[in-house]
Amino acid sequence: MIFEAKDLRIYYKTKKGYVKAVDNINFSVEKGQTVGLVGESGCGKSTFGQGILKILPPTTYYSGNMRIEDIELVGLNENEIRKIRGKKIGMIFQDPMTSLNPVMKIEKLFFETLKTHEPDITEEEARERTAKVLEKVGIEPKRMSEYSFQFSGGMRQRVMIALALVLNPILVIADEPTTSLDVIVQAQIMKLLNELRKEYDMSMILITHDLGVVAEMADKICVMYAGHIVEEASSENLYYNPKHPYTKLLLKSIPNTDINDLELKYIPGFPPDLSNPPVGCRFSPRCPFKKEICEVKEPPIVEVEGSKVKCWLYSGVEK
Amino acid sequence: MRKKFISERLGEFISDLFGTGTGWLTFVGALILIFYIILAVFSPQIAPYNPTERVGRSLTAPNDQFIFGTDNLGRDVLSRVIYGARIALMIAFIAVAIAAGVGVPLGLISGFIGGPFDRVLTLIMDAIYSFPGLILAIAIAAVLGPGVINIAVSIAVVYTPTYFRVIRNQVASVKSELYVEAARALGAKNYEILMKYIFPNVLPSIVVVLSMNLADAIMTEAGLSFLGLGIAPPTPDWGFDLSNGQRFVLSKAWWGLLYPGIAIITVVLGFSMFSEGLNELINPTIRERR
Amino acid sequence: MIRVENLKKYFPVKRTVGEILLRVPQRFVKAVDGISFTISKGETFGLVGESGSGKTTTGRLMLRLIEPTAGKIFFEDVDVTQLSKDELRKFRKNFQIIFQDPMAALNPYMKVGEAIKHGLEIHNIGGSNMERKKLVMEMLERVNLSPPEDFYYRYPHEISGGQRQRIVIARALILKPKFVVADEAIAMLDVSVRSQLLQLLIDLKNEFNLTFLFITHDLATTKYICNKIGVMYLGKIVEIGKFREIYNEPLHPYTKALISAVPEPDPKKKKKKLIPEGEVPNPINPPPGCKFHPRCPFAMDICKTVEPELKEVNGRLIACHLY
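Values in this document were obtained by computation on a predicted structure and should not be read as measured data.

Asker: Please explain the packing of aromatic side chains as it appears in this structure.
Answerer: The geometry of an aromatic ring pair is captured by two quantities: the separation of the ring centres and the angle between the planes. According to the stated counting rule, one finds 24 aromatic pairs over all chains in the structure shown. For the pair B:Phe35 and B:Tyr36, a centre-to-centre distance of 5.3 Å together with 75 degrees between the ring planes defines the contact as edge-to-face. Judged by relative accessible area, which is 47%, B:Phe35 ranks as partly exposed. The exposure class of B:Tyr36 is buried, given its relative accessible area of 7%. The rings of B:Phe68, B:Trp254, B:Trp255 and B:Tyr259 are connected pair by pair, giving a single aromatic cluster. Across from the ring centre of A:Phe151, 4.1 Å away, lies the NZ or CZ of A:Arg143, which sits over that ring. Taking NZ or CZ as reference, C:Arg154 lies 5.2 Å from the ring centre of C:Phe151, over its face.

Structural data, given as structure tokens:
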């Protein structure tokens, strides 16, 4: 087990009170595994990703456990977590434009990152390692003397990936890595991520709202809804045999490539306001299969045919 | 949406205000300003003595009768400081009103139209801006002569380019926003686009510059009268009193210098603190992000 | 109903002072380089391509939000490029645009209801303020923002992305336009919200009898709404024809690449992908010959020198030397 979260709660503070963005979830990543984390926006998946690295505002409340290898993350202070960021866990953000400092040359960006973790490193060494990793992501090493704004969107995302990999992290969190990119570049980046993951033998958490994107590379997929993980299954199981009504609806709402299937399906309504989530099953207000109990009591997680589901339809308890 | 009671909204506003450090800053700044505005408006009622008359012995140290002491002509320093708020604020407000009244419309038009008109105007404004403020004000004040309006005008000339530059640059950037293009796609006239889409988006910066400029204007006014180019004596004026007071510091009469000085510093501080917080409070998108 | 003829837009590239002194000739970015197409009444034309292909510029040109360098745009026999500024302003009622980023497309200091109402005021639709307000409320209801009173008085930052896009749609459609450009209208939204909005657009299109120009980089969404598509690459249309035919059997290598890049949710169908290497080249310095040849797996010698013309193949137009 590379990464494990147990009974994890991450609440962040807003004017309206605490938003229960991550509410009592259990989650694990094995060595070399790619885990997809899927859900609509406002379901807490990005908060979870950022919460692992603790890059949320300092007023954020954490409870439960979060372990990377043997290091417990929840109790760490800012100085201690900084040693984990980049070194053990790399992060790839959605928007490479705003997450790369525009006034720093690429080589400087890498040098600074390396220096935080290896204070003795010389510029020469840093440049060598930068060249190596840039080459891996398909960027000519000589471009390291350019600034990030001189790169196109797809190239910038490659730089971000290289920056996340330069310290050889054991886990990489990719938060919507291709959402702002065109289809062809998106496909290129996904292919690259898949190859690098194998080469570096690292684990990955892939956060996205697009099931189509994860299905092609994840070993395991966790579907998140309103701060809960409602279903956890292998990607094949999830696609061919989805259990949770939310997963079923989410799958149907992806535009498929079948030209004769012209019916648009979607989940009516919106995800709930997480500062005041619904009682019982949080999906119940939008669920077509809801029973009486769903609106009263939170469903337990049960194992059905190899998938873990948080839904009363499978718990076998009729009230 | 449910209608909210005024008290409820007030409560939300106050909790908003004190949610952060800048909230406190604004609040303290506002208190200082309110204090000085009250002093200025009610100076005849508040001041214990007539500020221009001899009421005691020259250079009396602060005592029960004259809390802040008296100056070299035996006038009550406290009364002069109180009345001084009147002159300082009046000139500052008039100057800033003139500067904004000229600078804002010019900036709006220049930024919106662009082209040669914009370039020429920018060049003129930059030329004024590149002068050291006080020296320019001195030159103009020397030409115009003393008097409240004249002083206000000479200060206004110094600050007009500030408004122009801030507004022009903002307009030039807001102009390329998508919602301006959207308004154009709707078929809106230029005038409507300027007033309904661009102006509200630059208004916050106007308000912030306004409150910051008030502080600067008070400083400049004090500087002018310190150099003897301000309001003609015996009208009470902080800058003049400061320069008058410093002549007697060597005779250990520190009070003539200290109290007008404190008044200038606190009122400027008040404006700065107020404007600092105002910037965040007034902008709905920044406010939401917290 | 809409006819575009040889439309061009060249953006001049800023020269440095040195270049002007050395008389380096003015260079241009040929964002749109001579494209022609027609859209019949009630039809939806999909314009597909990556960023940098010129599809967004085309959308803006058609509404004359930017002035074309050359070419004509006919809207029911009116040449839009010839209208005077004043005529154009009044004419704008007929064609509207839905932008990609609804947050940027709404004035942050204007209540969303007022934003929709402003269009009515400009074109003097609905006599009184009360009447206009009523029309806005009806429109809000129509785009499924109900109860409308809940939304009318909110500011854009107070509602979600999907709701904001509904506001932008309402603002465009309240003028009862005949032609609507949807510029990546659903690209920034979540998958499920995307489908909701796409359904809304389809419903509204039928209800208002709209003609659509649907600009997108995602071919998967075009199948629900488009009758016809044009694939753009570096300012030129490389393939244009009936949607079904192109989708079933793409001929141009670039179209093939676009279709095979669509993410596939079925993990067993890990298709063999035809993903071209590299990215769209710099439009200031486009490659000679066929602009796609550096990325094309089927490039021949002729592609490097001669630019292919659009020609008819199997009932559609293709610009490729393979055919």
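Asker: Just to check I follow, could you spell out the state of the cysteines for this structure?
Answerer: Structurally, a disulfide amounts to a covalent bond that connects the sulfur atoms of two cysteines. Evaluation of the coordinates by the stated rule reveals 0 disulfides over all chains. Lacking any disulfide linkage, A:Cys43 is separated from the closest cysteine sulfur, that of A:Cys281, by 12 Å. Taking the relative accessible area as the measure of exposure, A:Cys43 reaches 1% and is therefore buried. Note on C:Cys320: no disulfide assigned, nearest cysteine sulfur contributed by C:Cys296 at a separation of 6.2 Å. Under the relative-accessibility criterion, C:Cys320 is labelled buried at 7%.

Asker: I tried to follow helix 6 (residues 133-144) of chain B on my own but got confused; where do I start?
Answerer: Helical geometry note: an α-helix holds 3.6 residues per turn, so side chains three or four residues apart project in the same direction. Residue and element names in this part refer to chain B. The end-to-end C-alpha distance of helix 6, which contains 12 residues, comes to 16 Å, matching closely the 16 Å that a straight helix rising 1.5 Å per residue would cover. Turning to helix 6, its buried residues number three or more, namely Leu-136, Ala-137, Ile-140 and Ala-141. Buried residues along helix 6 cover an arc of 130 degrees about the axis, so they all sit on one side. Residues Ile-135, Ala-142 and Val-143 are exposed on helix 6 and point more than 90 degrees away from its buried face.

Asker: Where do I start with the pairing of strand 4 (residues 70-75) of chain C in this structure?
Answerer: A regular strand places its side chains on the two faces of the sheet in alternate fashion. Residue and element names in this part refer to chain C. Both strand 1 (residues 2-12) and strand 4 contribute to a ladder of 5 bridges, which runs antiparallel. Its bridge partner lying in strand 4, Ile-2 is registered against Phe-75. The pairing of strand 4 with strand 5 (residues 78-79) spans 2 bridges and is classified as antiparallel. When the bridges of strand 5 are listed, Phe-75 appears paired with Val-78. Connecting the antiparallel pair strand 4 and strand 5 is a turn made up of 2 residues, with Glu-76 showing a positive phi of about 45 degrees.

Asker: Please explain the pattern of salt bridges as it appears in this structure.
Answerer: Side chains that carry opposite charge are capable of pairing whenever their charged atoms lie near each other. All names here are of chain A. All told, the structure shown has 44 salt bridges over all chains when counted by the stated rule. The closest approach of N and O atoms between Arg-127 and Glu-124, which form a salt bridge, is 3.6 Å. Linking Arg-127 with Glu-124, this pair stays in helix 5 (residues 123-136), spanning 3 residues, or about one helical turn. On the accessibility criterion, Arg-127 (30% relative accessible area) is partly exposed.

Asker: For this particular structure, what's the right way to read the side chain of A:Ser253?
Answerer: Its place among the elements puts A:Ser253 in helix 10 (residues 245-253). From its side chain, A:Ser253 meets the backbone oxygen of A:Leu250 in a polar contact 2.8 Å long. Residues within four places of A:Ser253 in sequence aside, it is in contact with A:Lys265, A:Tyr266, C:Val191, C:Ser192 and C:Ser195.

Definitions and limits used
Residues numbered from 1 in each chain as written. Chains lettered and ligands numbered in written order. Predicted model: local features only at pLDDT ≥ 70, side-chain atom pairs only at ≥ 80, totals over all residues. Heavy atoms only, no water. Phe/Tyr/Trp six-rings, centres within 6.5 Å; stacked < 30°, edge-to-face > 60°. Buried < 20%, exposed > 50% of the residue type's maximum accessible area, 1.4 Å probe, protein only. Lys NZ or Arg CZ within 6 Å of the ring centre and 35° of its normal. Disulfide = S-S within 2.5 Å. Helix = DSSP H or I, 4+ residues; strand = E, 2+ residues; numbered from the N terminus. Expected span 1.5 Å × (residues − 1). Arc of directions from axis to C-beta. Pairing = 2+ DSSP bridges. Salt bridge = Lys/Arg side-chain N within 4 Å of Asp/Glu carboxyl O. Polar contact = N/O pair within 3.5 Å; in protein donor to acceptor, adjacent residues only side chain to side chain. Contact = heavy atoms within 4.5 Å.

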